[in-house]
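Reading the structure
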Amino acid sequence: MNKNTAPFMRQAVMDLEESRIREVANAGMGRPDVLAFWFGESDEVTPDIVRQAAIDSLQKGETFYSHNLGLPELRQAVSAYMSALHGPVGVDRLAITSGGVNALMLAAQALIDAGDEVLAVTPVWPNLTAQALVMGARLKCVSLRPVNGQWQLDMAALKATITPATRMLIVNSPNNPTGWTLSRAEQAEILAHCRSTGTWVLADEVYERLYYETDTANGCAPSFLDVAEPDDRLVVVHSFSKSFLMTGWRLGWLVMPAAMTPHMGKLIEFNTSCASVFTQKAGVVALQNTADITPRVVAHLKACRDTLVPLLQAVPGVQVAPAKGGMYAFFKLDGHPDAVVTAKRLVAEAGLGLAPGEAFAPEAAGWLRWCFASKDLARLQQGVERLATWLAKHQAIR
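These notes cover the structure that comes with them. Since the structure is predicted, the reported quantities are computational estimates derived from the model, not experimental observations. (Residues numbered from 1 in each chain as written. Predicted model: local features only at pLDDT ≥ 70, side-chain atom pairs only at ≥ 80, totals over all residues. Heavy atoms only, no water.)

A word on the packing of helix H4 (residues 72-86) against helix H10 (residues 277-288). Packing of H4 against H10 brings their axes to within 9 Å, and their N-to-C directions diverge by 30 degrees. With respect to H10, the axis of H4 lies roughly parallel. For the element pair H4 and H10, the recorded crossing hand is left-handed. The residues of H10 that touch H4, namely those facing Glu73, Leu74, Ala77, Val78 and Tyr81, are Gln280, Lys281, Gly283, Val284 and Leu287. Split into classes, the residues belonging to the contact of H4 with H10 amount to 6 nonpolar, 2 polar and 2 charged. (Axes fitted to C-alpha atoms, helices over the stretch in contact; angles between N-to-C directions. Helix = DSSP H or I, 4+ residues; strand = E, 2+ residues; numbered from the N terminus. Parallel < 35°, antiparallel > 145°, perpendicular 65-115°, else oblique. Left-handed = near helix turned anticlockwise from the far one by under 90°. Contact = heavy atoms within 4.5 Å. Nonpolar A, V, L, I, M, F, W, Y, C, P; charged D, E, K, R; others polar.)

For the pair helix H5 (residues 100-111) and helix H6 (residues 126-134), interaxial distance at closest approach is 9 Å and the crossing angle is 35 degrees. Between H5 and H6 lies a crossing whose hand is right-handed. Here Val101, Leu104, Met105 and Ala108 of H5 lie close against H6, whose contacting residues are Asn127, Leu128, Gln131 and Val134. A breakdown of the residues in the contact of H5 with H6 according to their chemical character gives 6 nonpolar, 2 polar and no charged.

Here the largest pocket is characterised by a volume of approximately 1,200 Å³. As for the largest pocket, its lining consists of 44 residues, and the residues nearest its centre are Ser19, Ile21, Trp125, Pro126 and Asn127. Mapped by element, the contributors of at least two residues to the lining of the largest pocket are helix H2 (20-28), H5, H6 and strand E4 (138-143). Looking at the lining of the largest pocket, the element that brings in the most residues is H6, giving 6 residues. Classifying every residue of the lining of the largest pocket gives 20 nonpolar, 13 polar and 11 charged. (1 Å grid on protein atoms, 1.4 Å probe; cavity = no way out; pocket = protein on both sides within 12 Å on 5 of 7 lines; lining within 4 Å. Points joined across faces, edges and corners; volume = space filled by probe spheres on them.)

With that settled, the discussion passes to the packing of aromatic side chains. Here the structure, examined in full by the defined rule, presents 12 aromatic pairs. Here Tyr81 and Trp253 contribute two aromatic rings whose centre-to-centre distance is 6.1 Å and whose plane-to-plane angle is 85 degrees, an arrangement assigned as edge-to-face. Here Tyr81 is found in helix H4, whereas its partner Trp253 is found in strand E10 (residues 252-255), with 172 residues between them in sequence. We note that Tyr81, like Trp253, is buried. Plain terms: the ring middles of Tyr207 and Tyr328 are 5.8 Å apart, the flat faces sit at 75 degrees to each other, and that makes the pair edge-to-face. Here Tyr328 lies in strand E12 (residues 328-333) and Tyr207 lies in the loop between strand E8 (200-204) and strand E9 (234-239), a separation of 121 residues in the sequence. Here Tyr207 matches Tyr328 in class, with each residue buried. (Phe/Tyr/Trp six-rings, centres within 6.5 Å; stacked < 30°, edge-to-face > 60°. Buried < 20%, exposed > 50% of the residue type's maximum accessible area, 1.4 Å probe, protein only.)

A few words on unusual backbone geometry. Trans peptide bonds make up the majority, and among non-glycine residues the majority have a negative phi. A cis amide bond links Thr122 with the next residue in sequence, Pro123, at an omega value of 0 degrees. Here Pro123 shows up in the loop between strand E3 (117-122) and H6. With an omega of -10 degrees, the peptide bond between Ser173 and Pro174 qualifies as cis. Positionally, Pro174 belongs in the loop between strand E7 (166-172) and helix H8 (184-197). In this structure, Leu245 takes a positive phi of about 55 degrees despite not being glycine. Residue Leu245 is classed as buried on the basis of its relative accessible area of 8%.

Structure below.
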């Protein structure tokens, strides 16, 4: 092929699909009449005490580079925070990152070679699978399956697919978009099998504090860290975004075997150099005040879930079950198999902004994701009213 006609970028990058969520959201951006529930973030601002910490840091002139792995005081605070939840997690196993997305990409860069087989449990937030593809991996998927609106894992099918050829397993629990959450026994079974095959586990656990069951002593969703040894082939990703209302701050962290940490510092240098100091100072204060911030966030999100799901269940033709964790209701509309088309019509005709299931996996076609993290519960009720009215009108036309 002539160099002038060859692709100007890597084919793996050119082949990436554009975000189906953005595709729908762009159709409604700038319309004040649209009730937007398409993105995965709360409409509440970051708590005052956290914002003030960043302001104070800026006023002190803390605008310079920091250590690649993060400020020592933040790494120590994360270590104390994680150790209180999951047992000892030393500073030597931690790296501060510029958001959870950055943490996930760093893990992919560290562990995936072109041609490696990577397995993902889907449906899942599309960034997790796209990052493996960016690295040139051969992506395979094992799908959750819905039972009465509740998505479940076929453990036998998952274990049968994980072989010594599987370089990495990617799993997000609590799951975006379905709310599916692994049990501790399931995590132990998966980890034991991956030890036998030499497979790395990349666990996206950013929603672990947004958990609404009462079956764990620490109030968190089960974590792979609860059943793992420090030197297991396990990388766990966390973020300040969800449980501290800090989505726009772009601050997260990685937990990994200690032998990986200095090499991860090199990767951070070549990606972002470091997270900003004033953002990290805000993270320290967020962790210092987690007992005041996170329980309130979780209690409010549970109220949101318990407001939205019964209202949806009362709408004819809606299939939905309450999520165990996360901040989403994932539901199916009878007679509407293409959720992208449905979501665009809901924006245009009902002023309701939802994310289409096709954004998360082909097997989620026809499903819609509703982010219920709303400061005002009345917005959720108003949204369901718009959905019910639109459905009734559509049925009448049919």
